[in-house]
Amino acid sequence: MATTASIKKAYQLAREQYKSIHVEPDTALKKMNEVTISLHCWQSDDVGGFETPDAELSGGGIQATGHYPGKARTIAQLKQDIEKVRTLVPGKLRLNLHAIYGDFQKKKVDRDQIEIRHFQTWIDWAKKNDFGLDFNPTCFSHPLAEDGFTLSSKNEKQRKFWVEHVRRCRKIAAEMGRQLNNPVVNNIWIPDGSKDTPVDRNTHRALLKKSLDEIFADHYPKKYLKDSVESKLFGIGSESMVVGSHEFYLGYAIQNKKLICLDNGHYHPTEQVGDKISSVLQFVDELLLHVTRGVRWDSDHVVIFNDEIQLIAQEIVRANALKRVNIGLDYFDASLNRIGAYVTGIRAAQLAFLFALLEPTATLRAYEESGRTFERLALLEILKAKPFGTVYDYYCLQNNIPVAEEYIGIIQKYERDVLSKR
Ligand code: RNT
Ligand code: ZN
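This is a predicted model, so every value here is computed, not measured. (Residues numbered from 1 in each chain as written. Chains lettered and ligands numbered in written order. Predicted model: local features only at pLDDT ≥ 70, side-chain atom pairs only at ≥ 80, totals over all residues. Heavy atoms only, no water.)

**Regarding the packing of helix α10 (residues 338-357) against helix α14 (residues 406-417)**
Put simply, α10 and α14 touch, their axes get as near as 10 Å, and they point 155 degrees apart. Taken together, the axes of α10 and α14 lie roughly antiparallel to each other. In this structure, α10 crosses over α14, and the sense of that crossing is right-handed. Contact residues: I339, G340, V343, T344 and R347 in α10; Y407, I411 and Y414 in α14. Residues belonging to the contact of α10 with α14 are distributed by class as follows: five nonpolar, two polar and one charged. (Axes fitted to C-alpha atoms, helices over the stretch in contact; angles between N-to-C directions. Helix = DSSP H or I, 4+ residues; strand = E, 2+ residues; numbered from the N terminus. Parallel < 35°, antiparallel > 145°, perpendicular 65-115°, else oblique. Left-handed = near helix turned anticlockwise from the far one by under 90°. Contact = heavy atoms within 4.5 Å. Nonpolar A, V, L, I, M, F, W, Y, C, P; charged D, E, K, R; others polar.)

**A few points about the environment of L322**
Structurally, L322 is set in the loop between α9 (307-318) and β12 (325-329). Using a relative accessible area of 8% as the deciding quantity, one classes L322 as buried. Distance in space between the C-alpha atoms of L322 and N306 is 20 Å, their sequence separation being 16 residues. Ignoring sequence-local partners within four residues, the contact set of L322 consists of K31, E34, V35, I316 and F353. (Buried < 20%, exposed > 50% of the residue type's maximum accessible area, 1.4 Å probe, protein only.)

**Some words on the site of ligand 1**
In the vicinity of ligand 1, the residues found are W42, I62, H98, W189, E230, K232, D263, H266, H290, D330 and F332. H98 places a side-chain nitrogen or oxygen 2.8 Å from an oxygen atom of ligand 1. A distance of 2.7 Å separates an oxygen atom of ligand 1 from a polar atom in the side chain of E230. Contact with the protein chains covers 99% of the free accessible surface of ligand 1, which is 310 Å². Per-class residue counts for the shell around ligand 1 are four nonpolar, three polar and four charged. (Near = heavy atom within 4 Å. Polar contact = N/O pair within 3.5 Å; in protein donor to acceptor, adjacent residues only side chain to side chain. Areas by Shrake-Rupley, 256 points an atom, 1.4 Å probe, with all protein chains shown as cover.)

**Quick notes on helix α12 (residues 373-383)**
What α12 keeps buried is the set E375, L379 and L383. The buried residues of α12 occupy an angular sector of 75 degrees when the element is viewed end-on, so they sit on one face. With respect to the buried face of α12, the exposed residues turned more than 90 degrees away are F374 and L377. In this structure, the buried side of α12 is in contact with α10, α11 (361-369) and α13 (388-398). (Arc of directions from axis to C-beta.)

**Describing the coordination of the zinc ion (ligand 2)**
Each pair of donors in an ideal four-coordinate tetrahedral metal site encloses 109.5 degrees, whereas pairs in an ideal six-coordinate octahedral site enclose 90 or 180 degrees. Summarising the metal site, the zinc ion (ligand 2) is bound by the protein donors E230 (OE), D263 (OD), H290 (ND1) and D330 (OD), whose distances to it range over 2.1 to 2.2 Å. Look at where the donors of the zinc ion (ligand 2) fall in the sequence and you get E-x32-D-x26-H-x39-D. Note that D263 is positioned in strand β8 (residues 259-263) and H290 in strand β9 (residues 287-291), a separation of 27 residues in sequence. (Donors = N, O, S within 2.8 Å, 3.2 Å for Na, K, Ca; no water.)

**Examining unusual backbone geometry**
We note that D130 has phi near 60 degrees; this positive angle belongs to a residue other than glycine. A relative accessible area of 64% places D130 in the exposed class. Residue N320 is not a glycine yet carries a positive backbone phi of 50 degrees. In this fold, N320 is placed in the loop between α9 and β12.

**Topic: the packing of α9 against α10**
At their nearest, the axes of α9 and α10 sit 8 Å apart, and the two run at 50 degrees to each other. It follows that α9 is oblique to α10 by the angle criterion. For the pair α9 and α10, the sense of crossing is right-handed. Contacts between α9 and α10 involve I309, Q310, A313, Q314, I316 and V317 from the former and A348, A349, A352, F353, F355, A356 and L357 from the latter.

**As for the pairing of β9**
Looking along a regular strand, one sees the side chains alternate between the two faces of the sheet. Burial of β9 is extensive: five of the five residues sit out of reach of the surface. The alternating pattern of β9 places L287, L289 and V291 on one face and L288 and H290 on the opposite face, and all of these are buried. Sheet topology places β8 next to β9; four bridges connect them, and they run parallel. Bridge pairing in β9 places C261 opposite L288. You can see the chain leave β8, run along helix α8 (residues 273-280) and come back into β9, and the turn it takes is right-handed. (Pairing = 2+ DSSP bridges. Right-handed = clockwise from strand over helix to strand, strands pointing away.)

**So, the packing of aromatic side chains**
Tallying each qualifying case throughout the model produces 14 aromatic pairs. Taken together, the ring pairs in this structure connect F104, F119 and F135 into an aromatic cluster. Positioned above the aromatic ring of W122, the side-chain terminus of K79 is 5.1 Å from the ring centre. Its guanidinium or amino end placed over the ring of F216, K258 lies 4.2 Å from that ring's centre, counting from NZ or CZ. (Phe/Tyr/Trp six-rings, centres within 6.5 Å; stacked < 30°, edge-to-face > 60°. Lys NZ or Arg CZ within 6 Å of the ring centre and 35° of its normal.)

What follows is the structure in structure tokens.
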């Protein structure tokens, strides 16, 4: 295990290496204070939620696979897991809740009945533990979502039920934001779509627009609530058409001044969300990111430090847009230690932002503007071998967080002492 002295020494050597390309790691680390990661509560229990003791993800075009032991089965366990995660990552965190994670006290509370009181214990916890909160309506894992349609349903009763659910979610989110004095992002994602080729896409999309208009007729102050909408290309059981497509929501968000959520698992595999950021930011004030890892047809693997997230982070940093981008994670892998999944994914996302902040962007831009494309390419390659991992280690040390592989052993112990006993 590296000692404090050796981590500090390695950092000083890293600083010298970066100095030769006119990058100051101290400045990059200061900038990391602007990188807040919103932690998705749903990796802790495979998107089950707490409506019933054994709630399971179903019927929403998404699926968690794997049976690794130790998932959180109660709110107390989920809090315990998140508090553990907190001790293993540097930097600011928020907690992103789904509506099915309310504190329902074992009572049946249907989605069109949820109220702020079901989330008060979460708000109190967030206040105590210095977490911001984010929120999401849950328009899946429910009998009224089983036919594949919610806000775009042609069944008026069903559509109205979901409109009421989302309206209540916005009200709850705004109240969370008021109590925490910190705006809550309420992100709307619905699974609506069809397995086989439909003939009437148009009516479903018109209905979705109508539902959103009804939902957003309620006004809340921006300082408490930020609304975002999330598109998708296809899902499990909605392979042929998804109502809330990218074009649909991009149009809606621009026309109605909402945030657009870019989930990097929701596009054709060769499309890059990193490339979309500077396009979308010309037309919307703020973005929400769902950072994930798509693997073939599935989009929810644990985030790793790959090209895709590097480009996302680089494009945000290069556009000086950190303040306009809300960074959330979104994956649910039930096949491995779930605390490990959180910590590895958060660290990977943070590393991507740190890597981007350790770039001599002005030099690269100057090369580009003068047509020096070999020099631009060479410098970008050189950056990949610079000791950014050493800078991240120092970032952990600064924040009193276990450095590098140290967290593996700590999570193994947590598994032995806590998770394996659930
Ligand atoms: C599903 C969307 C959505 C969900 C969460 C649980 O494809 O990505 O964001 O993952 O709402
Ligand atoms: Zn998502």
